[in-house]
Amino acid sequence: MSIEIDTELQTAVNKRRNFAIISHPDAGKTTLTEKLLLYGGAIHEAGAVKAKRAQRHATSDWMEMEQQRGISITSTVLQFEYQNCQINLLDTPGHQDFSEDTYRTLAAADNAVMLEDSAKGLEPQTRKLFEVCKMRKLPIFTFFNKMDRPGREPLELLDEIEKELGLKTYPVNWPIGMGDRFKGVFDRRKKQIHLFERSVHGSKAARNTVVSLGDPRIEELLEQDLYYQLKEDIELLEELGSDLDLEEIHKGEMTPVFFGSAMTNFGVQLFLDAFLEYALKPGTHKSTVGEVSPTYPNFTGFVFKLQANMDPKHRDRVAFIRVCTGRFEKDMTVSHARTGKTVRLSRPQKLFAQDRDSIEIAYPGDIIGLNNPGVFAIGDTIYNGKKLEYEGIPCFSPEIFAYLRNPNPSKFKQFRKGVNELREEGAVQIMYSADEAKRDPILAAVGQLQLEVVQFRMKNEYGVETNLEMLPFSVARWVNSGWDVLRQVGRLFNTVAVKDSWGRPILLFKNEWNCQQVESEHPELNLNTTAPVVSGQEPESL
């Protein structure tokens, strides 16, 4: 490797930070995303999801259904510069019905920000997503939101994280007051008190007064009881709390904790400043040739998400690529690991939710959008130089199943196109009956909302009205041993065999008890909750 390329890649990697936000619905994730963009200078005015008076919508919620319901149901990527760093923010769905989309997005993230409602603390969806972060050993940053509303005591919130998640905590800032008396935060990094002024609906960056601890002006700016409480809390943290350990943060064993209010912009900029300092830079990735460093000179990347119709006018299909190594250049030709084909990467785009700009160059840690003419599938690796393939992204076990019917035969082409593109995208898993006479696709989802989104998008993006016929199953398991072993077992009670888009056998069970019974009676089936990752095989189309 030439010294120039090595230096260029190292400089680019040092400037990059990449993170995904995980949270339970209604913790304020989309609002926090907007405010990070506001402070990053990427937008000039934040549009709160519920600010209906001005009919503004959050930048990250681009789908019409998201804007109608005020929730995030797709993952988006938002890139912006802050303090000479390139930040890639991967916004994920908070709704539990879309957790699989979040799992895929976390595969492309170097860090995770765990957003909590300070009144509720840890919630079920956050715990579930935390397990994925833990499995991938991602550094986790915790932001306790909504401090301007009545909530739980900060020490109680820290204790919950330590006991239930087994994470050490280090509060980087500490709240001054709570609810109506929330005045700001104490920044432990610089030993400064930040007193905030509220801005109208938090649409502009909050003005704040910064004073050092011990400054005589504090007596005028802060009520005496709040000041004494702050001093007491700081002494307690210094004596009994953990010391900041960057190595433990990077291993996912300690979480830096922040307090604030995304809606009113309290503490958002302080979080962003500390994140740049503590976050893990783009690192190595496991591949078929071992661990690959981001400064490896040849370009490599993997597809972690596909999205159809982000631009309704052009009916486009975009592949989201995480750049892992080397330098990406517009119009470069790469090898496609799964198919062995050569692909020219034209029209690469810098993504900013629904908006996109053309880019010439990208580096490890960046996320780029590529036009996808049906070439890419989720988990695909693209590379230059020596062949390598990154770990695939598995499908997870769905819990709701329904036949998707097309009542209008004249719309068959549009129906087929919509089903195939939404399957590619991972909006829902598509299965088929093992009986060749039944060709209607079976939608397999984690939650009911996924099915509603498919019907909504089939109608709005492909012009097809559809009907659902729910199936009486709630558990799915892939048969790792294959069709031959399944046929030898014969008929199973309260169970039906279907195939996924790659033709692999799946058993659908009425309930968990049925599943456990079959597993104990027929261990030779080798049942699995996640699909085996395939390579070199195209999925079947409708």
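Throughout this description, residue numbers start from 1 for each chain and increase along the sequence as written. Local features are withheld for residues below a pLDDT of 70 in this predicted model, meaning they are given only at 70 or higher, and side-chain atom pairs are given and counted only at 80 or more; totals for whole chains, interfaces and linings count all residues. Note: side-chain values were computed over all heavy atoms of the structure, leaving out hydrogens and water.

1. With respect to the overall build of the chain
Note on conventions: DSSP H or I runs of at least 4 residues are helices, E runs of at least 2 residues are strands, and numbering of each starts at the N terminus. For the chain, the count of helices and strands is 14 helices and 31 strands. Out of the 542 residues belonging to the chain, those deemed buried represent 56%. In the chain, the proportion of contacts linking residues at least 24 apart, taken out of those at least 6 apart, comes to 71%. A 1.4 Å probe rolled over the protein chains alone gives each residue an accessible area, and that area as a share of the maximum for its type sets the label: buried under 20%, exposed over 50%, partly exposed in between. In what follows, a contact means two residues having at least one pair of non-hydrogen atoms within 4.5 Å.

2. What about a nonpolar patch on the surface?
Patches here are clusters of residues that have more than 30% relative accessible area and form no salt bridge, with a 9 Å joining cutoff for like charges and a 5 Å cutoff for nonpolar side chains (Val, Leu, Ile, Met, Phe, Trp, Tyr). All accessible areas in this document rest on Shrake-Rupley with a 1.4 Å probe, and a residue is counted as covered only by the protein chains that are shown. Salt bridge, as applied in this entry: a Lys or Arg side-chain nitrogen positioned within 4 Å of an Asp or Glu carboxyl oxygen. Side chains of Leu-155, Leu-236 and Leu-240 sit close together on the surface and give an oily, nonpolar patch of about 280 Å² of accessible area. Following the sequence through the fold, Leu-240 ends up in helix α8 (residues 224-240). Classification of Leu-240 by relative accessible area gives exposed; the value is 67%.

3. What about the packing of aromatic side chains?
Between rings of Phe, Tyr and Trp, where Trp is taken as its six-membered ring, a pair exists when centres lie within 6.5 Å; planes separated by under 30 degrees are stacked, by over 60 edge-to-face, and by other angles tilted. Tallied over the entire structure, the rule returns 13 aromatic pairs. Ring geometry for Phe-182 against Phe-266: centres 5.3 Å apart, planes inclined by 40°, an arrangement best described as tilted. Residue Phe-182 is found in the loop between β7 (173-176) and β8 (184-187), and its partner Phe-266 is found in the loop between β11 (254-259) and α10 (268-278); the two are separated by 84 residues along the sequence. Comparing Phe-182 with Phe-266 shows no difference in burial state: the two are buried. Here the aromatic residues Phe-19, Phe-141, Phe-143, Phe-258, Phe-271 and Phe-275 are joined through ring pairs into a cluster of three or more. Directly above the aromatic system of Phe-320 lies the positively charged group of Lys-305, at a separation of 5.6 Å from the ring centroid. Both a distance and an angle decide whether a charge sits over a ring: NZ of Lys or CZ of Arg must be within 6 Å of the ring centre and within 35 degrees of the ring normal.

4. A short note on the sheet that holds strand β9 (residues 192-196)
Pairs of strands are assigned from DSSP output, requiring at least two bridges between the strands. Spatially, four strands are ordered β7-β8-β9-β10 in an open sheet, and the strand pairing comes out antiparallel. The two strands at the open ends of the sheet, each matched to only one other strand, are β7 and β10 (208-212). Recorded for the sheet is a direction-independent mean angle of 25° between the axes of neighbouring strands. Of the pairings in the sheet, the one linking β8 to β9 comprises four bridges and is antiparallel in character. Each bridged residue has a counterpart across the sheet, and for Gly-184 the counterpart in β9 is Leu-195. Lines fitted to C-alpha atoms define the axes here, with helix axes fitted over just the stretch in contact, and angles between the N-to-C directions of these axes take values from 0 to 180 degrees. Strands β7, β8 and β9 of the sheet are contacted by α8, whose axis makes an angle of about 155° with β7.

5. Comments concerning unusual backbone geometry
The phi torsion at Gln-83 lies on the positive side, around 50°, for a residue other than glycine. With respect to the helices and strands, Gln-83 occurs in the loop between β2 (76-82) and β3 (85-91). With a phi close to 65°, Asn-84 is a non-glycine residue in the positive phi region. Within the fold, Asn-84 resides in the loop between β2 and β3.

6. Thoughts on the pattern of salt bridges
The tally for this structure, following the rule as stated, stands at 30 salt bridges. Where Arg-322 meets Asp-110, a salt bridge forms, and the shortest distance between an N and an O atom there is 3.1 Å. Within this pair, whereas Arg-322 is found in strand β15 (residues 317-325), its partner Asp-110 is found in the loop between α4 (99-106) and β4 (111-117), the two being separated by 212 residues in sequence. Residue Arg-322 is classed as buried on the basis of its relative accessible area, which comes to 0%. One salt bridge in this structure joins Glu-469 and Arg-405, with 2.3 Å as the shortest N-O distance. Here Glu-469, found in strand β27 (residues 467-470), pairs with Arg-405, found in strand β24 (residues 400-405); they are 64 residues apart in sequence, far enough to count as distant. For Glu-469, a relative accessible area of 35% puts it in the partly exposed group.

7. Considerations on the confidence of the model for the chain
A residue-level look at the chain finds 84% of positions with pLDDT of 70 or above and a mean pLDDT of 83. Predictor confidence is given residue by residue as pLDDT, running from a minimum of 0 to a maximum of 100. Low pLDDT (under 50) marks residues 46-63, which in the prediction has 55 contacts with non-local residues, meaning those over four places away or in another chain. Confidence drops under a pLDDT of 50 for residues 65-75, and excluding neighbours within four residues, the segment shows 47 contacts in the predicted structure.

8. A word on the sheet that holds strand β28 (residues 475-479)
With respect to topology, eight strands assemble into an open sheet ordered β27-β24-β26-β25-β29-β30-β28-β31, the strand pairing being antiparallel. Strands at the two margins of the open sheet, each flanked by one partner only, are β27 and β31 (527-528). Strand direction decides the pairing type here: strand β25 (residues 429-433) and strand β26 (residues 442-445), joined by three bridges, are antiparallel. What sits directly across from Gln-429, in β26, is Ala-444.

9. Some thoughts on helix α1 (residues 3-14)
By definition here, a helix of n residues has an expected span of 1.5 Å times n minus one. With 12 residues, α1 ought to run about 16 Å at 1.5 Å a step, and its terminal C-alpha atoms sit 16 Å apart, in line with that. Within α1, the full set of buried residues consists of Leu-9, Ala-12 and Val-13. Along α1, the residues classed as buried sweep out an arc of 100° about the axis, all on the same side. Away from its buried face by more than 90 degrees, α1 exposes Ile-3 and Glu-4. Along the arc lie the directions from the helix axis toward the C-beta atoms.

10. Thoughts on the pairing of β3
Of all seven residues that make up β3, seven are buried, and the element is covered over most of its length. With burial as the criterion, each face of β3 is covered, one bearing Cys-85, Ile-87, Leu-89 and Asp-91 and the other bearing Gln-86, Asn-88 and Leu-90. One ladder, built from six bridges, connects strand β1 (residues 16-23) with β3; its direction is parallel. Of the residues in β3, the one forming a bridge with Phe-19 is Leu-89.

11. Looking at the packing of helix α2 (residues 29-39) against α10
Two measures define how a pair of helices packs: the angle their axes make with one another and the distance between the axes. Packing of α2 against α10 leaves a shortest axis separation of 10 Å and a crossing angle of 75°. Relative to α10, the element α2 lies roughly perpendicular. Across the interface between the two elements, Leu-32, Lys-35, Leu-36 and Tyr-39 of α2 pack against Val-268, Gln-269, Phe-271 and Leu-272 of α10. Of the residues contributing to the contact of α2 with α10, the split by class is six nonpolar, one polar and one charged. Here the angle decides the label: under 35 degrees means roughly parallel, over 145 means roughly antiparallel, 65 to 115 means roughly perpendicular, and every other value means oblique. Note that Gly is not counted as nonpolar here; it falls among the polar residues with everything else outside the nonpolar set of Ala, Val, Leu, Ile, Met, Phe, Trp, Tyr, Cys and Pro and the charged set of Asp, Glu, Lys and Arg.

12. A short note on the nonpolar core
Take the buried Ala, Val, Leu, Ile, Met, Phe, Trp, Tyr and Cys residues and link them wherever side-chain atoms come within 4.5 Å; each set so joined is a nonpolar core. Residues Leu-106, Ile-193, Phe-259, Phe-302 and Phe-304 are the most contacted members of the largest nonpolar core, which totals 55 residues. It is α8 that contributes the most residues to this core, five residues altogether. Setting aside chain neighbours within four positions, we find Phe-304 in contact with Val-77, Leu-90, Arg-104, Thr-105, Ala-108, Phe-320, Ile-321, Arg-322, Ile-367, Ile-378 and Ile-393. Listed in part, the 31 residues of the second largest apolar core include Phe-19, Leu-36, Phe-143 and Ala-274.

13. Some words on α8
Here α8 is 17 residues long and its end C-alpha atoms lie 24 Å apart, about the 24 Å a rise of 1.5 Å per residue gives. Here α8 has its buried residues at Leu-226, Tyr-227, Leu-230, Asp-233, Ile-234 and Leu-237. Burial along α8 is one-sided: seen end-on, the buried residues are contained in an arc of 125°. In α8, the exposed positions that point more than 90 degrees away from the buried face belong to Gln-224, Glu-232, Glu-235, Glu-239 and Leu-240. Its buried side turned inward, α8 meets α6 (154-165), β6 (168-171), β7, β8, β9 and α7 (218-221).

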